[in-house]
2 protein chains.
Amino acid sequence: MKSLSIKDIATKANVSITTVSFIINGKAKEKSISEAVIDKVQKIIEESGYKPNQIARSLRTGNSNIIGLIIEDISNSFFSRIARLIEDKAYKKGYKIIYSSTENSVDKAKELINMFKSRKVDAYIISPIKGIEEDIQMLINDGNPVIFFDRNLPEISTSYVGADHFNASYQSIESFINQGKKNIALVTTDINVPQITERYDGYRKALEDHNIPYNDDLVLKIHFNQEEDETIGQIKELFNDKNIDAVLFATNYLAISGLKVLKKINKKIGADFSVIAYDDHEAFELHTPGISTVQQPLEEIAENVIMLILKQLSSKTKLEDQQIIIPAKLIIRE
Amino acid sequence: MKSLSIKDIATKANVSITTVSFIINGKAKEKSISEAVIDKVQKIIEESGYKPNQIARSLRTGNSNIIGLIIEDISNSFFSRIARLIEDKAYKKGYKIIYSSTENSVDKAKELINMFKSRKVDAYIISPIKGIEEDIQMLINDGNPVIFFDRNLPEISTSYVGADHFNASYQSIESFINQGKKNIALVTTDINVPQITERYDGYRKALEDHNIPYNDDLVLKIHFNQEEDETIGQIKELFNDKNIDAVLFATNYLAISGLKVLKKINKKIGADFSVIAYDDHEAFELHTPGISTVQQPLEEIAENVIMLILKQLSSKTKLEDQQIIIPAKLIIRE
DNA sequence: AGTTAAAAGTAAAACGTTTTACTATTTCAA
DNA sequence: TTGAAATAGTAAAACGTTTTACTTTTAACT
């Protein structure tokens, strides 16, 4: 069964296609279409269940009312929660979100950008990875609104919304130090983006400011794409071989791997071994004892992302780039 | 900067639009275009970075190479994990997935269907909710491939892939009984879909088969859309007021609320109080003691969904409906 | 009574593709 | 040397909208 077109409606109502189009788009008044005709056409549309073909519409107008969201991995709870919030807020403004995961693959990221481009999404919300700078610069050059969140690419100048990773990390380490810890480890990834390096910088600076010598042996950089088993092995080595009394995990999935290790080697979290995880997760609240975490302000991040995007979409001219850094919250659990 | 069109390429190559189109779509040979021309055009396409406008393409061909995925909530780990798997597999076959959450709202579900429809997605993968039967029936009548997963709607006849909820639930309860439990509670939701009612039926049947009287007081039906605080309150009441030695949670988020209650009232899981959760979650593995769970076969579900969809998409005729029920796995953790 | 302005509506081009039906040239067998 | 078949390619219609520029009718004012 072919679906109805504007032509069918026009025929049924005995008016021109143009008239129907004006009515659909709420321009009837301004184009001086009579009440009688408006009512008639609207009734027919209602009864027939006609919905305009968005593809034809996009082809003609050049925009789609769709915002593309590119993230690392939708099955990571940080991203899925933020995706949900962004979707919610965009939806209320009449925008739809389509999202896809890069899985940290440069090739897939590029393909996704191409797919979104050839589908003419109106704007891009991206948690970027290294290696796609050129592609993104092209998007920007072509006049597409692009906004980064969570991660940033210093080479690209565009708006960015993210948490204050440096300070969150600094404060975490400081809280360890205040508890009297001296041998503080950092488990992080080797992804080379500011969002991650800032956590490292915060770690280092906090040690330095409190006159604790930095020890490279206590920093474990996990390769970003490896199997969890391998990660667990490396963390186990760290915990077994080094003398450690506190550890900061730079992402929630690293923390989860770390907790699995602790369970396996039967090491208890307590007075002589403290843990803080970056990015909250349901497992941390439930854990006994509760795992302290750095909570990213998801709601605020989503809010600001959407706010910036919508502002740009409704403006004729290119707005100035903004860097919105939102403090993260250290949640201490016992 | 306007993006290139096929026309630009044709002009540059000094050939017709038709020729370029044939080359792009790999029909050059069959349409007898000479090697020389093919090479020339391909080189130009390569150099210029031209990408066909998918919108125009969709408008003309009537399909989009996009599959719409409608789920309840992308921030629920069951859905986000399955979404990721489906996305992965579809991607490898050249299909893109766009997904959106219904949040258990009939209105939003209907809107999503309309949005997908007006964007001409090639197929629909839906975890359905009550109240959208009519809309889905229309999709099917219009000849769209539709496949349900996780949940089913008995009124609609279409393919379905899901876990064997009845037996999973039955086995869970049986394992309680084998441990000598007598007062077994069920915490479930009041969503009225087979996927949920089967879990209830399995619970009841297992009790019955082992001559344990069914007690309505031990079944708590949580309203599907309420705040977590309220849920926690109700579960707390159940745990405090009734004499219970085991509990099956029918979804992972209910189990998480339940674990929070246990932590709060300081009730320990152990010999005299057992727990099984439906749908695994990282928190369950990490929990001390580990929480036993019914693991849904995510990989197989995703696999079968995609397999059925692709089969339908590549077939001219409507294939017969299939109901694929996959056993779930009871994981006992100590 | 004649002019102008407003009201009510429409024809047709354009968006960027795919595809059908066609033309013109070359090859080759009889 | 003819004519059929193969080769190499193209013009134009169609997909379903939006929008510009236009026409016709009615009303309003001198």
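Residues numbered from 1 in each chain as written. Chains lettered and ligands numbered in written order. Predicted model: local features only at pLDDT ≥ 70, side-chain atom pairs only at ≥ 80, totals over all residues. Heavy atoms only, no water.

Chemist: Mind showing me how you'd approach the side chain of Ser 175 of chain A here?
Modeler: Residue and element names in this part refer to chain A. With respect to the helices, strands and loops of the structure, Ser 175 is situated in helix α8 (residues 165-178). What makes Ser 175 buried here is its relative accessible area of 15%. Excluding anything up to four places from it in sequence, Ser 175 contacts Ile 276, Leu 330 and Ile 332. (Helix = DSSP H or I, 4+ residues; strand = E, 2+ residues; numbered from the N terminus. Buried < 20%, exposed > 50% of the residue type's maximum accessible area, 1.4 Å probe, protein only. Contact = heavy atoms within 4.5 Å.)

Chemist: Can you help me understand the protein's contact with DNA strand C in this one?
Modeler: Around DNA strand C, the surrounding shell holds 28 residues, and the nearest of these are Thr 19 and Ser 34 of chain A together with Ile 6, Ser 21 and Arg 60 of chain B. Near-protein atoms of DNA strand C (within 4 Å) split between backbone and bases, with sugar and phosphate holding 57%. At 3.2 Å from a phosphate oxygen of DNA strand C is found a main-chain nitrogen or oxygen belonging to Asn 53 of chain B. The contact in question runs from a base nitrogen of DNA strand C to an N or O atom on the backbone of Ala 56 of chain B, over 3.4 Å. Counting only elements with at least two residues in the surface near DNA strand C, the list comes to α2 (17-24) and α4 (54-61) of chain A together with α2 (17-24) and α4 (54-61) of chain B. (Near = heavy atom within 4 Å. Polar contact = N/O pair within 3.5 Å; in protein donor to acceptor, adjacent residues only side chain to side chain.)

Chemist: I would appreciate a short explanation of the protein's contact with DNA strand D in the present structure.
Modeler: Neighbouring DNA strand D are 28 residues; Ile 6, Lys 27 and Arg 60 of chain A together with Thr 19 and Ser 34 of chain B lie closest to it. Near the protein, within 4 Å, the atoms of DNA strand D are sugar or phosphate in 57% of cases. The contact in question runs from a phosphate oxygen of DNA strand D to an N or O atom on the side chain of Ser 21 of chain A, over 2.7 Å. If you list the elements that add at least two residues to the surface near DNA strand D, you get α2 and α4 of chain A together with α2 and α4 of chain B. In terms of residue class, the surface near DNA strand D is made up of eleven nonpolar, eleven polar and six charged. (Nonpolar A, V, L, I, M, F, W, Y, C, P; charged D, E, K, R; others polar.)

Chemist: I'm lost on the interface of chain B and chain A in this one. Help?
Modeler: Interface size, as often reported, equals the accessible area lost upon joining of the parts. Opposite the 49 residues of chain B that make contact, chain A presents 49 residues. Interface of chain B and chain A: buried area, both sides summed, is about 5,000 Å²; carbon and sulfur atoms make up 57% of it. When residues of chain B are sorted by the area they lose upon contact with chain A, Ile 55, Arg 119 and Leu 286 of chain B head the list and together hold 14% of the total. The interface formed by chain B and chain A contains eight salt bridges. Between Glu 285 of chain A and Lys 260 of chain B there is a salt bridge whose closest N-O contact spans 3.6 Å. When grouped by side-chain class, the residues that make up the side of chain B that touches chain A number 17 nonpolar, 15 polar and 17 charged. (Buried area = accessible area lost by both parts, 1.4 Å probe. Salt bridge = Lys/Arg side-chain N within 4 Å of Asp/Glu carboxyl O.)

Chemist: I'm lost on the relation of the copies chain B and chain A in this one. Help?
Modeler: Between the two copies of this chain, the relationship is a rotation about some axis together with a displacement along it. Rotating chain B by 180° and translating it 0.0 Å along the rotation axis places it on chain A, where the RMSD comes to 0.1 Å. Each copy turns onto its partner about a two-fold axis. Among all residues of chain B, the one whose C-alpha sits closest to the rotation axis is Ala 283 of chain B, at a distance of 2.0 Å. Residue by residue, 100% of the interface of chain B is reproduced at the interface of chain A, so both copies engage with the same surface. (Least-squares fit on C-alpha atoms with pLDDT ≥ 70 in both.)

Chemist: Just to check I follow, could you spell out the packing of helix α1 (residues 6-13) of chain A against helix α3 (residues 35-48) of chain A for this structure?
Modeler: For any two helices packed against each other, one specifies the inter-axial angle together with the distance between the axes. Residues and elements named next belong to chain A. Close contact between α1 and α3 brings their axes to 10 Å; oriented N to C, the two are set at 125°. Taken together, the axes of α1 and α3 lie oblique to each other. With respect to the hand of their crossing, α1 and α3 are arranged in right-handed fashion. Residue-level contacts link Ile 9, Lys 12 and Ala 13 of α1 to Lys 40, Val 41, Ile 44, Ile 45 and Ser 48 of α3. Of the residues assigned to the contact of α1 with α3, the class counts are five nonpolar, one polar and two charged. (Axes fitted to C-alpha atoms, helices over the stretch in contact; angles between N-to-C directions. Parallel < 35°, antiparallel > 145°, perpendicular 65-115°, else oblique. Left-handed = near helix turned anticlockwise from the far one by under 90°.)

Chemist: Before we go on, may I ask you to explain the sheet that holds strand β11 (residues 323-326) of chain B in this structure?
Modeler: The strands that make up a sheet are held in pairs by hydrogen bonds between backbone atoms, and each pair lies either parallel or antiparallel. Residue and element names in this part refer to chain B. Spatial strand order, β2-β1-β3-β4-β5-β11: six strands in an open sheet with parallel pairing. Every other strand in the sheet has two partners, leaving β2 (96-101) and β11 as the edge strands with one partner each. Here the average twist between neighbouring strands, direction ignored, is 15°. Bridge count between strand β5 (residues 159-163) and β11: four bridges; the pairing is parallel. The partner of Val 161 across the bridge, within β11, is Ile 324. (Pairing = 2+ DSSP bridges.)

Chemist: Before we go on, may I ask you to explain the pattern of salt bridges in this structure?
Modeler: Charged atoms that come close allow side chains of opposite charge to pair. In total, this model carries 34 salt bridges over all chains according to the counting rule given. Glu 103 of chain B is paired through a salt bridge with Lys 108 of chain B; the nearest N and O atoms lie 3.1 Å apart. Taking the relative accessible area as the measure of exposure, Lys 108 of chain B reaches 8% and is therefore buried. Shared partners join several salt bridges into a network, and the residues in it are Asp 73, Glu 103 and Lys 108 of chain A together with Arg 84, Glu 87 and Asp 88 of chain B.

Interpretation note: all reported values are geometric properties and have no functional meaning in isolation.
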